[in-house]
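# Geometric and topological summary
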Amino acid sequence: MYTYNILIVEDDKQIADAIEIYMKNQNYGIFKAYNGQLAIEIFEKEVIHLIIMDVMMPVMDGFTAIMKIRQNSTVPIIVLSAKSEDMDKIAGLNIGADDYVTKPFNPMELIARVNSNLRRYVNFSMKKESDKNSKLISIGDIALDDERKAGD
């Protein structure tokens, strides 16, 4: 059983296959797309917990795909790109990427960044879900548990 699903968006099939091997070794489920448009189609149909996104791709580039995904989702997105100038990194982060890794990349660093982003995303998402079901009301340092309050 896979723990989380990762969408790899990379037009170079060899790089996509290599990332898939590393991520499967970490027990992640993998979906692959070879352009931004296909990535959006997969993202809308599947449960995706993290996206690894190339920037320079045919049909739809990675930056455009990120902007479309960000319209409705806060899923972690790690840009993996050969574009290594500071302005490219800044642009990627400003349009909605959570992290930016340049090619060539160290696979162990990519795994660490995936794990880190997933840890934050899952902890935040789980906290939000438990907050929806909680009867705990908090304001600053004061908390009231509506389930345990005394009757009138």
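Residues numbered from 1 in each chain as written. Predicted model: local features only at pLDDT ≥ 70, side-chain atom pairs only at ≥ 80, totals over all residues. Heavy atoms only, no water.

## What to know about the sheet that holds strand 2 (residues 29-33)
Within the open sheet, the five strands sit side by side as 2-1-3-4-5. Their pairing is parallel. For this open sheet the edge positions go to strand 2 and strand 5 (99-102), each flanked by a neighbour on one side alone. Strand-to-strand twist in this sheet, taken as the mean axis angle between neighbours without regard to direction, amounts to 20°. The sheet contact formed by strand 3 (residues 50-53) and strand 4 (residues 77-81) spans three bridges and is parallel. Looking at the pairing, Met53 lines up with Val79 of strand 4. (Pairing = 2+ DSSP bridges. Helix = DSSP H or I, 4+ residues; strand = E, 2+ residues; numbered from the N terminus. Axes fitted to C-alpha atoms, helices over the stretch in contact; angles between N-to-C directions.)

## Looking at the pattern of salt bridges
Within the structure shown, the criterion is met by nine salt bridges. With its nearest N and O atoms 2.7 Å apart, the salt bridge here joins Lys103 to Glu10. Of this pair, Lys103 sits in the loop between strand 5 and helix 5 (107-133) while Glu10 sits in the loop between strand 1 (5-9) and helix 1 (13-25), and the two are 93 residues apart along the sequence. The residues Lys103 and Glu10 share a single accessibility class, namely buried. Taking the shortest distance from any N to any O, the salt bridge between Asp17 and Lys32 comes out at 2.5 Å. Linking Asp17 in helix 1 with Lys32 in strand 2, this pair joins segments that are 15 residues apart in sequence. By relative accessible area, Lys32 is classed as partly exposed at 23%. Three or more residues are tied together by salt bridges with common partners; here these are Asp17, Glu20, Lys24 and Lys32. (Salt bridge = Lys/Arg side-chain N within 4 Å of Asp/Glu carboxyl O. Buried < 20%, exposed > 50% of the residue type's maximum accessible area, 1.4 Å probe, protein only.)

## Describing the nonpolar core
In a soluble, globular protein the nonpolar side chains are often hidden away together inside. Leu7, Val9, Ile51, Met53 and Ile69 are the most contacted members of the largest nonpolar core, which has 24 residues in total. Secondary structure elements with two or more residues in this core: strand 1, helix 2 (36-45), strand 3, helix 3 (62-70), strand 4 and helix 5. Not counting residues within four places of it along the chain, the set of residues in contact with Met53 comprises Val9, Gly62, Ala65, Ile66, Ile69, Ile77, Ile78, Val79 and Leu80. Ile6, Tyr28, Ile30 and Ile52 belong to the second largest nonpolar core, which has 16 residues in total. (Core = buried A, V, L, I, M, F, W, Y, C linked by side-chain atoms within 4.5 Å. Contact = heavy atoms within 4.5 Å.)

## Details of the packing of helix 2 against helix 3
Following both chains from N to C, one finds helix 2 and helix 3 inclined at 25°, their axes separated by 9 Å at the closest point. As the angle between them shows, helix 2 and helix 3 are arranged roughly parallel. Both helix 2 and helix 3 take part in a crossing whose hand is right-handed. Contacts between helix 2 and helix 3 involve Gly36, Ile40 and Phe43 on the former and, on the latter, Ala65, Lys68 and Ile69. Counted by class, the contact of helix 2 with helix 3 contains four nonpolar, one polar and one charged residues. (Parallel < 35°, antiparallel > 145°, perpendicular 65-115°, else oblique. Left-handed = near helix turned anticlockwise from the far one by under 90°. Nonpolar A, V, L, I, M, F, W, Y, C, P; charged D, E, K, R; others polar.)

These values are about where atoms sit, not about what they do.
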